[in-house]
Amino acid sequence: MNNIHNLHGLDLSFFHRIDINLYPLFIAIYEQKSISNAASSLNITQSAASHALQRLRQQLEDDVFIRVGNKMSATPFAEQIYPTVKQALLTIQNISQQKHVFDPTSLKNLKIAVHDEIEPIILPRLAQHFQNLNLDLQFVSMKLDRKHIMTDLATQQLDFVIDLEQYLSPKITFDHLVTDEFVICSQLKEVDLSSYINGRHIGVSSRRTGALLEDIYLNQHQKISRNVFMRCQNYSTALQVLGAQANAILTMPRMILQHLSYSSEIRLHSLPFEMTNIKMGMFWHEDLRDNLRHQFLRHEIIKLFQ
């Protein structure tokens, strides 16, 4: 009888004492460091999550998480078992999905985070594309918060983040969608290298502090520093200011400019130096590579921009 219950080290009789439903909660609390956020992502009440955590502690004979300030901090034992538990759940999830054919009509929503300036370019195209597929989707576009990208993707608070290409983590995959270039906007008739370096520039950033997008590219490729006399939150405002400032210069992505209105006095100029193009695309969590719902969404979004 023991041979029946012990196959290659697997003690089948052990599993009647295990509540596997407790382990998705373990992953959610570990990654979000919050019982309330974990409960929300699992669609259960905070009270139910708290009671489940108590059962998990009894089952594992460890505190698992300890409250430190307003966060739940993992114990050394929880740190140790996290990779194994997550891999086990992913394996179970993949097995469950292998024999299923995804039905696109079962899609309920698409949740993305995108920069304010990019939203008018991306969202209308997405909505039209999925409407053409006769899919009744709810589109949720959230403000891009780069500090929480990895957590939001890992916990599926977001399906995708659409942003400029950058390295985030080995677990976050980037698919290129669009290539763009910087152009110069100014009332000046000509903008050469000297007038650009010595010009009065308008910068755009939604962040309070930190380098501007254009300056990051300039410093990387040209070692050019600029005199930014005004920093505002969006390109629409910058273009309005530019219409009243005869000698000012605005450097911005061409694709964004094409979706904005601006004064007829403003001329477009090419950069007076070489600079690499801007690559924009979508970020998603590697753990969802084999998720059929996520696969469908990825393929449709990529196809839309090809």
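Residues numbered from 1 in each chain as written. Predicted model: local features only at pLDDT ≥ 70, side-chain atom pairs only at ≥ 80, totals over all residues. Heavy atoms only, no water.

A. Just the overall build of the protein, in detail. Each helix and strand in the protein was counted, giving twelve helices and 14 strands. Radius of gyration (C-alpha) of the protein: 25 Å, far over the 19 Å computed for a compact globule of 306 residues. The principal-axis extent of the C-alpha atoms belonging to the protein is close to 90 × 45 × 35 Å. In the protein, the proportion of contacts linking residues at least 24 apart, taken out of those at least 6 apart, comes to 74%. Looking at the protein as shown, the accessible area adds up to about 17600 Å², and 50% of this sits on carbon and sulfur atoms. Computing the positive centroid from 29 side-chain charges and the negative centroid from 30, the protein places the two 3 Å apart. (Helix = DSSP H or I, 4+ residues; strand = E, 2+ residues; numbered from the N terminus. Rg over C-alpha atoms; globule rule 2.2 N^0.38 Å. Contact = heavy atoms within 4.5 Å. Areas by Shrake-Rupley, 256 points an atom, 1.4 Å probe, with all protein chains shown as cover. Lys, Arg positive; Asp, Glu negative; His and termini not counted. Charge placed at Lys NZ, Arg CZ, Asp CG, Glu CD.)

B. Up close: the packing of helix H6 (residues 119-132) against helix H12 (residues 292-305). Between H6 and H12, the least distance of the axes is 11 Å, while the angle of their chain directions is 115°. Classified by the angle their axes make, H6 and H12 are roughly perpendicular. Note that H6 runs across H12; the crossing there is right-handed. Packed against H6, whose contacting residues are Ile-122, Arg-125, Leu-126, His-129 and Phe-130, the element H12 presents Phe-296, Leu-297, Glu-300, Ile-301, Lys-303, Leu-304 and Phe-305 at the interface. (Axes fitted to C-alpha atoms, helices over the stretch in contact; angles between N-to-C directions. Parallel < 35°, antiparallel > 145°, perpendicular 65-115°, else oblique. Left-handed = near helix turned anticlockwise from the far one by under 90°.)

C. Focus on unusual backbone geometry. Located in the positive-phi region is Lys-33, a residue other than glycine, with phi close to 55°. Along the chain, the position of Lys-33 falls in the loop between helix H2 (22-32) and helix H3 (35-41). Using a relative accessible area of 40% as the deciding quantity, one classes Lys-33 as partly exposed. Backbone geometry places Glu-61, a non-glycine residue, at a positive phi of 55°. Mapped onto the elements, Glu-61 comes out in the loop between helix H4 (46-60) and strand S3 (65-68). Glu-61 sits in the exposed class, given a relative accessible area of 74%. (Buried < 20%, exposed > 50% of the residue type's maximum accessible area, 1.4 Å probe, protein only.)

D. Spotlight on a nonpolar patch on the surface. A contiguous nonpolar patch, built from Leu-10, Leu-12, Phe-14 and Phe-15 and spanning about 350 Å² of accessible area, is present on the exposed surface. Inspection of the secondary structure assignment puts Phe-14 in the loop between strand S2 (10-11) and H2. Take Phe-14: its relative accessible area is 38%, and that puts it in the partly exposed class. (Patch = residues over 30% accessible without salt bridge, like charges linked within 9 Å, V, L, I, M, F, W, Y side chains within 5 Å. Salt bridge = Lys/Arg side-chain N within 4 Å of Asp/Glu carboxyl O.)

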